[in-house]
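Chain residues, written in single-letter form:
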Amino acid sequence: MSGPSLTALPRTLAKAVLTIIVIGPLYWVTISAFKGREEIIRSTPTLVPETFTLSNFEQLFQATDYPIFLRNSAIVAVGTTVVTLLLSLGAAYGLYRLRVPGGGRIAAAILLSYLIPGTLLIVPLYSMLADLQLIDTYAGLILVNVAFTAPFCTWLLRGFILSVPRDLDEAAAIDGAGPLRTMAQIVLPLLAPGIATVSVYSFVFAWTEFVFASQFVVSSSMQTLPIGLSAIVGQYTVNWGLVMAGTLFTLLPTIVLFAFVGRHFVGGLIAGATK
Amino acid sequence: MAATINRLAATVSRRRQAPSRRRSGREALLGYALVTPIVVVMLLVIALPVVSAVTTSMQDQRVIGSPSSFVGFATYLDVLSDRAFWAALGRSGIWLIANMVVQAVLGFSTALLLQRSGWWSRTARTWVVLPWVVPTVAVAVMWQWMLNTNYGIVYKMLDAVGIDIGSPFGNPAVALGAVILVNSWHWFPLSAVVIYGALATVPTEVIEAAKVDGAGAWRTFTSITLPLIQPILFALGLVGSLWSFNILDSIYLITAGGPAGATTTMPVYVYDTAFSAFRSSRAAAASVLTVAVLVVLALVFARLSRPKEEV
């Protein structure tokens, strides 16, 4: 399909603009992180760093609490990913493969609850976590994150599960495999792309999550990157090279992960939306 | 159509399973065992807090968890007579509509470009999602850096052609618009990818047939493509606006609701009321009212733009 009356020149221009809008900021952050203190504040910005230096990274890891934030974020993100994976695989398998009686209603309720705004929940969630002694713990953050990732991931897995032919189950049953073995040995291995997709989504969600992490964590030694990095920005506001080094390290893990499974992720999203 | 086929397929496969009764009993048992954990988590983290938000909204609680008593709808009346509440609701309206328009335009044009052949479109299908993958805090910091009045590249480039944008996040007149643009940069890839996927579901034969019948590109687009992808656009519009309305992190990390409240949308208002002003009940009442508004808007939206059944 050709766009409405787009001739070649405007189209090339549009491609160029889109490339600059998307890639430009990422390029700029990256090179800023490698510029020296003098170069980064030059009145005429340099498009390629002349003083290629690692000093911003050295300072980031030695003089700031960045390594602690990085560790906290990694723990929370990995924990969220593992728990999300267990919950959403189970739910998706039960709802969309075994089709438990009443499953349609459960699926709808789970999806609907995903649309409830986080701001409505933040006050009561705080009291609940306090009652459970989960304020200022990794477990508390993971629990809350999972409630927001698992429903979407269950829905994402739906498309992947529907694409595994059901004949396989019957063949396995004829060979004498029970439902548990069928799930573990026949269907799960075929869901690898779906599992990768869900892992990336939940990892990135937890890595990025700001609202809950800003209130449910109190001590600075437990803070995750979104809060830690913005604190560093406030503290070192004139040292943009350092701030950019921190930004680069914050966005790198999500981009690297996405580079591995991005295709599956986009495919799963489209399949989920169009099926 | 598709729904009917799915239902038929479901019935057929259920029939095929019928022979072994014991097996289906064991399957159901396993099924419930698998579904239980997510249901428990959702009850604990979503359903219970929703109930507790409603009860808190009818009390006069200040710091979260502090002793409080039942005051009925008094807190609601307080909130409704607070001018800041209405101002925040208005800003949320602007936020919602502006984000939707900017992202729809960007998303649609991007999707149309992604659909073409050639190496640019092929590679772009992967890298165009990058802004969405970048953590919000990084998005916030990177744009503050690029728009910095002293050293920012975007500021300097505009300055070089004679446009002085000043300090967009510090100027109450333009701060909301600036944050909307940054937020749209972060989120437009989602619409682009979903619309691209939707366009790919339109059979090429239908498009070709329209061309043979002499329909121009624009005509084909409006009377063939759009109606065919309308169900997906409807879902994207509904879910996308709910997500967009509830965004707090993009705003908080860039301006924290300032300057002078210029970017205090509803979620920021609720957050500040709970955690800066320490008025939990007020925050709860405000969010219950907001959810009510959202439900009404969603129903109106569904009424106006739901795709016709079984075309």
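Residues numbered from 1 in each chain as written. Chains lettered and ligands numbered in written order. Predicted model: local features only at pLDDT ≥ 70, side-chain atom pairs only at ≥ 80, totals over all residues.

### Regarding the overall build of chain B
Spelled out, the test is: Under the DSSP-based scheme used, a helix requires at least four consecutive residues in state H or I and a strand at least two consecutive residues in state E, with every element numbered from the N terminus. In this treatment the radius of gyration is a C-alpha quantity, and the globule benchmark scales as 2.2 Å times the residue count to the 0.38 power. Residue pairs qualify as contacts under a 7 Å threshold applied to their C-beta atoms, which are placed from the backbone.
In terms of helices and strands, chain B carries 14 helices and 0 strands. Along chain B, helices and strands appear, N-terminal first, in the series α-α-α-α-α-α-α-α-α-α-α-α-α-α. Compactness check: chain B gives a C-alpha radius of gyration of 25 Å against a globular reference of 19 Å for 311 residues, more than 25% above the reference. A principal-axis box enclosing the C-alpha atoms of chain B has dimensions of 65 × 60 × 35 Å. Sequence separation of at least 24 residues holds for 67% of the intrachain contacts in chain B that already meet a minimum separation of 6.

### Some thoughts on the overall build of chain A
Defined as follows: For every residue, the other C-beta atoms within 10 Å of its own C-beta are counted; 20 or more classify it as buried, 12 or fewer as exposed, and values in between as partly exposed. C-beta atoms are placed from the backbone.
Along chain A, the regular secondary structure elements total 13 helices and 0 strands. Scanning chain A from its N terminus toward the C terminus, one meets helices and strands in the order α-α-α-α-α-α-α-α-α-α-α-α-α. A principal-axis box enclosing the C-alpha atoms of chain A has dimensions of 75 × 60 × 35 Å. For chain A, the residues scored as buried account for 47% of the 275 residues in total. Taking the contacts inside chain A whose residues are at least 6 apart along the sequence as the reference set, 77% of them involve residues at least 24 apart.

### What to know about unusual backbone geometry
One non-glycine residue, A:Asp136, adopts positive backbone phi at about 70°. If you trace the backbone, A:Asp136 turns up in the loop between helix 6 (118-131) and helix 7 (138-162). The exposure class of A:Asp136 is partly exposed, given the 15 C-beta atoms found within 10 Å. A positive phi is found at B:Ala256, a non-glycine position, where the angle reads about 55°. Mapped onto the elements, B:Ala256 comes out in the loop between helix 12 (249-254) and helix 13 (266-275). A tally of 15 C-beta atoms within 10 Å means that B:Ala256 is categorised as partly exposed.

### A few points about the domain arrangement of chain A
All names here are of chain A. Condition: Domain boundaries shown here were taken from an automatic or database domain assignment. Residue classes follow a fixed rule: Ala, Val, Leu, Ile, Met, Phe, Trp, Tyr, Cys and Pro count as nonpolar, while Asp, Glu, Lys and Arg count as charged, and any other residue, Gly among them, counts as polar.
We note that the domain assignment places domain 1 (8-55) and domain 2 (64-274) within chain A. Using C-alpha coordinates to define each centre, domain 1 is positioned 32 Å away from domain 2. Opposite the 7 residues of domain 1 that make contact, domain 2 presents 6 residues. The set of elements that each furnish at least two residues to the side of domain 1 that touches domain 2 consists of helix 1 (8-33) and helix 2 (37-40). With 4 residues, the top contributor of residues to the side of domain 1 that touches domain 2 is helix 1. The class makeup of the residues in the side of domain 1 that touches domain 2 is 3 nonpolar, 2 polar and 2 charged.

### Remarks on the interface of chain A and chain B
Listed per partner, the contact involves 83 residues of chain A and 78 residues of chain B. Per element, the largest residue contribution to the side of chain A that touches chain B is 16 residues, and it comes from helix 13 (residues 240-274) of chain A. Along the lines of polarity and charge, the residues of the side of chain A that touches chain B split into 59 nonpolar, 21 polar and 3 charged.

### Some points on the nonpolar core
Formally: Only buried Ala, Val, Leu, Ile, Met, Phe, Trp, Tyr and Cys residues enter a nonpolar core, and they are joined through C-beta atoms within 7 Å.
Of all hydrophobic cores here, the largest spans 151 residues; its most connected members are A:Ala147 and B:Val141. Counting residues domain by domain, this core receives three or more from each of domain 1 (8-55) and domain 2 (64-274) of chain A. With sequence-adjacent residues up to four places away left out, A:Ala147 is seen in contact with B:Val41, B:Met42, B:Val45 and B:Ile46.

### A short note on the packing of helix 1 of chain A against helix 4 (residues 83-114) of chain B
Between two packed helices, what matters for the description is the angle formed by their axes and the separation of those axes. Just so we agree on the cut-off: The axes used here are C-alpha line fits, helices contributing only the stretch in contact, and every angle between their N-to-C directions lies in the interval 0 to 180 degrees. Our angle categories are set so that under 35 degrees counts as roughly parallel, over 145 as roughly antiparallel, 65 to 115 as roughly perpendicular, and the remainder as oblique. Should the near helix be turned counterclockwise from the far one by less than a right angle, the crossing is left-handed, whereas a clockwise turn marks it as right-handed.
Here helix 1 of chain A crosses helix 4 of chain B at 115°, and the two axes come no closer than 11 Å. As judged from the angle between their axes, helix 1 of chain A and helix 4 of chain B are roughly perpendicular. Seen along the crossing, helix 1 of chain A lies across helix 4 of chain B with a hand that is left-handed. Between helix 1 of chain A and helix 4 of chain B, the residues in contact are A:Ala14, A:Lys15 and A:Leu18 and B:Ser109, B:Thr110 and B:Leu113, respectively. Residues of the contact of helix 1 of chain A with helix 4 of chain B, tallied by class, amount to 3 nonpolar, 2 polar and 1 charged.

### What to know about the confidence of the model for chain A
Residues and elements named next belong to chain A. Convention followed: Residue-level confidence of the predictor, termed pLDDT, takes values from 0 up to 100.
Residues at a pLDDT of 70 or more form 95% of chain A, whose mean pLDDT is 84. Mean pLDDT across the elements of chain A bottoms out in helix 8 (residues 167-174) (78) and peaks in helix 4 (residues 66-97) (93). Confidence drops under a pLDDT of 50 for residues 1-6, and excluding neighbours within four residues, the segment shows 12 contacts in the predicted structure.

### So, the confidence of the model for chain B
Residue and element names in this part refer to chain B. Averaged over every residue, the pLDDT of chain B is 83; residues scoring 70 or more account for 91%. Per-element confidence in chain B is highest for helix 4, whose mean pLDDT is 92, and lowest for helix 1 (residues 2-17), whose mean pLDDT is 48. In this model residues 15-20 is a low-confidence stretch, pLDDT under 50, and it forms 1 contact with partners more than four residues away in sequence or in other chains. Among the scores for the predicted complex, ipTM is 0.86 and pTM is 0.86.

### Looking at the packing of helix 6 of chain A against helix 14 (residues 280-305) of chain B
At a minimum axis separation of 9 Å, helix 6 of chain A and helix 14 of chain B run at an interaxial angle of 150°. Here helix 6 of chain A is positioned roughly antiparallel relative to helix 14 of chain B, judged by the angle of their axes. Where helix 6 of chain A crosses over helix 14 of chain B, the handedness of that crossing is left-handed. Only B:Ser280, B:Ala283, B:Ala284, B:Ser287 and B:Val291 of helix 14 of chain B make contact with helix 6 of chain A, whose side of the interface consists of A:Thr119, A:Leu120 and A:Val123. Along the lines of polarity and charge, the residues of the contact of helix 6 of chain A with helix 14 of chain B split into 5 nonpolar, 3 polar and no charged.

### Side note on the environment of A:Thr250
Note that A:Thr250 resides in helix 13. We classify A:Thr250 as buried; it has 26 C-beta atoms within 10 Å. C-alpha separation for the pair A:Thr250 and A:Leu85, spaced 165 residues apart in sequence, amounts to 23 Å. Setting aside residues up to four positions removed in sequence, A:Thr250 forms contacts with A:Leu225, A:Leu229, B:Pro135, B:Val137 and B:Ala138.

### Structural notes on the environment of B:Leu199
With respect to the helices and strands, B:Leu199 occurs in helix 9 (residues 175-200). As a C-alpha pair, B:Leu199 and B:Leu96 span 103 residues in sequence and 25 Å in three-dimensional space.

### Focus on the environment of B:Leu242
Mapped onto the fold, B:Leu242 is located in helix 11 (residues 217-245). Residue classification places B:Leu242 among the partly exposed residues on the basis of 18 C-beta atoms within 10 Å. Spatially, the C-alpha atoms of B:Leu242 and B:Leu294 are 7.6 Å apart, while their sequence positions differ by 52 residues. Other than its neighbours up to four places away in sequence, B:Leu242 contacts A:Leu115, B:Leu294 and B:Ala298.

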